[in-house]
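The lines below spell out each chain.
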Amino acid sequence: MKQKIQTILDESNVKRTKPSQSERLEHHRSQSAVCESDSGFSSGRSSPVSGRSSPLMSVSPVEAQTQSLVQTGSELLPRSLVQPSPQTAVVSLDCEMVGTGPGGRVSEVARCSVIDYHGNVLFDEYIRPIGQITDYRSPWSGIRKHHLTKAMPFSHARDRVQSLLDSKVLVGHSVQFDLKSLDLVHPGHMIRDTSCTHLLTRLAGFPREHRPSLKALTNRLLHRKIQVGSRGHCSVEDASAALDLYKLVEGEWEREAELSLRDEQDPTPPSYASSQHFLNDEYWPSL
């Protein structure tokens, strides 16, 4: 009898000392540090339409390990590769071109601008092309001879821009042409090209197959005029316009990007605009 009573008492002590599920969860939470970081999604000069904010929720180590992976087909990929996390910055890029070679047919970058999510200018430099300039394309590029007298060498500019784009979500309009002019490659699943997303064409009321210019989208959706006057395009202005267009559909765009990677094992680069569209949009004046 004494042995039986002792056994019952021992079991009772175990029950009292064993923490409940809520107590274990509270313990994990108390061990997790609550932090905030400058994510590019917090309040600033240009607030995101999606309503994202930067504070990170405190989670347990097990929860963090689980939430950091996303099932994509038969593989688990880091969530940071699927969609922008609160710590992942978004940048917008735009370049202005001049013509080199016979007849100025070869496009080379002569000005490049990179801005952050809030519209702050991270990089804005005139760049000395590798080839001999035969057409400044001033009415459209805004580039004139005196702009390039002390321009940054191409290799230096390329390295600077590459460091700014590294691990960033890249926004731009026909941005693949800008990347090509800089001799850079960016992961397709980290590119948000405003020239070829149905979200913006639908919002603007254009046919789905239509490739609207940056000027047309900005005028229709942002009620703002760009690329006007005789001074030519401004790469900072164009980068800012593309960024603001992205923010209009940011939430839905990022959800689609996540679902796309869940359906396919490997991220597929978006279908970019044709070269003819690029000439119409970036080189020839809009009527």
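In the block above lies the structure referred to throughout.
Since the structure is predicted, the reported quantities are computational estimates derived from the model, not experimental observations. (Residues numbered from 1 in each chain as written. Predicted model: local features only at pLDDT ≥ 70, side-chain atom pairs only at ≥ 80, totals over all residues. Heavy atoms only, no water.)

K.L.:
Quick rundown of the overall build of the protein chain? Include the residues and the values.
P.N.:
When helices and strands are counted, the protein chain shows 11 helices and nine strands. Every one of the 287 residues in the protein chain was classed for burial, and the buried ones make up 43%. A separation threshold of at least 6 residues defines the contact pool for the protein chain, and within that pool the share at least 24 residues apart is 64%. Surface exposure of the protein chain reaches about 16,100 Å², of which carbon and sulfur atoms provide 53%. (Helix = DSSP H or I, 4+ residues; strand = E, 2+ residues; numbered from the N terminus. Buried < 20%, exposed > 50% of the residue type's maximum accessible area, 1.4 Å probe, protein only. Contact = heavy atoms within 4.5 Å. Areas by Shrake-Rupley, 256 points an atom, 1.4 Å probe, with all protein chains shown as cover.)

K.L.:
Could you give me a rundown of the packing of aromatic side chains, with the residues and numbers involved?
P.N.:
Per the counting criterion, the structure on display carries one aromatic pair. Note on Tyr 246 and Trp 253: the rings are 5.7 Å apart at their centroids and 55 degrees apart in plane angle, and the pair reads as tilted. Overall, the relative accessible area of 0% leaves Tyr 246 in the buried class. On the accessibility criterion, Trp 253 (10% relative accessible area) is buried. Positioned above the aromatic ring of Tyr 117, the side-chain terminus of Lys 247 is 4.4 Å from the ring centre. (Phe/Tyr/Trp six-rings, centres within 6.5 Å; stacked < 30°, edge-to-face > 60°. Lys NZ or Arg CZ within 6 Å of the ring centre and 35° of its normal.)

K.L.:
Give a description of the nonpolar core that names residues and reports values.
P.N.:
Judged by nonpolar contacts, the single largest core of 23 residues is most densely connected at Val 90, Leu 217, Leu 245 and Tyr 246. Of all elements in the fold, only strand S8 (169-172), helix H7 (198-204), helix H8 (214-222) and helix H9 (235-248) reach the threshold of two or more residues within this core. With six residues, H9 is the largest single contributor of residues to this core. If we ignore the near neighbours within four places in the chain, the residues touching Leu 245 are Thr 194, Leu 200, Leu 214, Leu 217, Thr 218, Leu 221 and Leu 222. (Core = buried A, V, L, I, M, F, W, Y, C linked by side-chain atoms within 4.5 Å.)

K.L.:
I'd love a proper account of H9, names of residues and values included.
P.N.:
For H9, spanning 14 residues, the distance from its first C-alpha to its last is 20 Å, which sits close to the expected 20 Å at 1.5 Å a residue. For H9, a buried count of 11 out of 14 residues is recorded, marking the element as mostly surrounded by other parts of the structure. All of the buried residues along H9 are Ser 235, Asp 238, Ala 239, Ser 240, Ala 241, Ala 242, Leu 243, Asp 244, Leu 245, Tyr 246 and Lys 247. (Expected span 1.5 Å × (residues − 1).)

K.L.:
Describe helix H5 (residues 154-165), and please don't skip the residues or the numbers.
P.N.:
Because an α-helix packs 3.6 residues into every turn, residues spaced three or four apart end up facing the same way. In a regular helix each residue adds 1.5 Å, so 12 residues correspond to 16 Å; H5 covers 16 Å between its end C-alpha atoms and thus fits that length. Looking at the buried residues of H5, the elements they touch are strand S3 (90-100), strand S4 (106-116), strand S5 (121-128), strand S7 (152-153), S8 and helix H6 (175-181). Positioned one or two residues after H5, Ser 167 has a phi angle of 65 degrees, which is positive.

K.L.:
Account for the environment of His 118, with residues named and values stated.
P.N.:
With respect to the helices, strands and loops of the structure, His 118 is situated in the loop between S4 and S5. The exposure class of His 118 is buried, given its relative accessible area of 11%. Considering only alpha carbons, one finds His 118 and Val 91, 27 residues apart in sequence, at a separation of 9.0 Å.

K.L.:
Quick one: what's the story with the environment of Gly 103, residue by residue and with numbers?
P.N.:
With respect to the secondary-structure elements, Gly 103 resides in the loop between S3 and S4. Sequence-wise, Gly 103 and Thr 134 are 31 residues apart; in three dimensions their C-alpha atoms are separated by 6.6 Å.

So far we have only geometry, and geometry alone does not tell us how the molecule works.
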